[in-house]
Amino acid sequence: SQQGEEDPQALSIQEGENATMNCSYKTSINNLQWYRQNSGRGLVHLILIRSNEREKHSGRLRVTLDTSKKSSSLLITASRAADTASYFCATGWNNNDMRFGAGTRLTVKP
Amino acid sequence: GAGVSQSPSNKVTEKGKDVELRCDPISGHTALYWYRQRLGQGLEFLIYFQGNSAPDKSGLPSDRFSAERTGESVSTLTIQRTQQEDSAVYLCASSGQGAQPQHFGDGTRLSIL
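Keep in mind that what you see is a predicted model, and the values were worked out from it rather than measured.

Draft legend 1. Spatial organisation of the pairing of strand β6 (residues 55-58) of chain A. Residue and element names in this part refer to chain A. When β6 meets strand β7 (residues 61-66), the two strands line up antiparallel, connected through four bridges. Residue K56 lies in a different strand from β7, and its bridge partner there is V63. Between β6 and β7, which pair antiparallel one after the other, the connecting turn spans two residues, and G59 there sits at a positive phi close to 60°.

In C-alpha cells form, the structure reads like this:
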C-alpha cells in the first residue's frame, strides 16, 4: 500500500517546544505531502517534497525525506497554541494514487 | 470564491433516504477527489476524477455510493438508502494535473438518524 502511516498518533507539548511527527510508507513514491487539519475544517496543504529531495523548509516547518528508510518527518519549531491541529502525510506517484494516513493529533498547551 | 466549495455543510437525514452532496472545485483544476472521514479518523479515499478519463472508483465502499462530474466542473456524490454507518464528514478536494497539492473544501457533515 502507498498509504503513509503517521507516528505518534497523538502528541502534546508546551508552547515554545519543537514538535516532530513521522510518516512511514511501504512502496516507492515520487512525492510526499504534509497537510494540516483544524477541527471541523478541510485539510490545508503545508509542504510537498519530491523523491529526489531530502529536505524542505517553509517558515517554522522543516520536512525531511529518507527514501532508503521510506520515511519522512515534519518538524514544527517554536510551537504555538495555534499549531494545535491534526497533521497528515500523503504519499504516492501522481494525483490518482495519493493516499492519506490516519494523522497525528498535536496539542500545543499555552 | 477562490477555494473548493461544498454543500450542504451539514446534512441530517433518516436511515434509508438518499442524499446528494455537491462539490465545486477550483476553476481550472482537472483532478477532483472525494474522501470520507469518520470522527477522529484519517481520510478514506472514495473516488477520483481526472479530466475526461474514466474515474477511479476503487474506494467506493458499496454500490449505494456513486459520483458524477460534468467535465472539469461540479461533482456530486450520491449515497442511496443511507445507513447509520454512512455518518461521517465527506471531503472534496481538487488539484492541478500531475503531483500537485490538493485543495480541500470544509466538507459535508452527514448524520444518519
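Draft legend 2. The arrangement of the state of the cysteines in detail. Residues and elements named next belong to chain A. Considering all chains together, one arrives at two disulfides over all chains under this definition. Across a sulfur-sulfur distance of 2.0 Å, C23 and C89 are joined as a disulfide pair. Sign of the S-S torsion, about 65° for the bond between C23 and C89, identifies this disulfide as right-handed. Of the two residues, C23 sits in strand β3 (residues 19-24) while C89 sits in strand β9 (residues 85-92), which places them 66 residues apart along the sequence.

Draft legend 3. Main features of the interface of chain B and chain A. Taken together, the contacts link 26 residues of chain B with 23 residues of chain A. Carbon and sulfur atoms supply 47% of the area that chain B and chain A bury against each other, a total of about 1,700 Å² over both sides. For chain B, the biggest contributors to the area lost against chain A are L43(B), A99(B) and D106(B); these three give 30% of the whole. The interface formed by chain B and chain A holds two salt bridges in total. Only β4 (31-37), β5 (44-50) and β8 (88-95) of chain B provide two or more residues apiece to the side of chain B that touches chain A.

Reading guide: rules and limits
- Residues numbered from 1 in each chain as written.
- Chains lettered and ligands numbered in written order.
- Predicted model: local features only at pLDDT ≥ 70, side-chain atom pairs only at ≥ 80, totals over all residues.
- Heavy atoms only, no water.
- Pairing = 2+ DSSP bridges.
- Helix = DSSP H or I, 4+ residues; strand = E, 2+ residues; numbered from the N terminus.
- Disulfide = S-S within 2.5 Å.
- Contact = heavy atoms within 4.5 Å.
- Buried area = accessible area lost by both parts, 1.4 Å probe.
- Salt bridge = Lys/Arg side-chain N within 4 Å of Asp/Glu carboxyl O.

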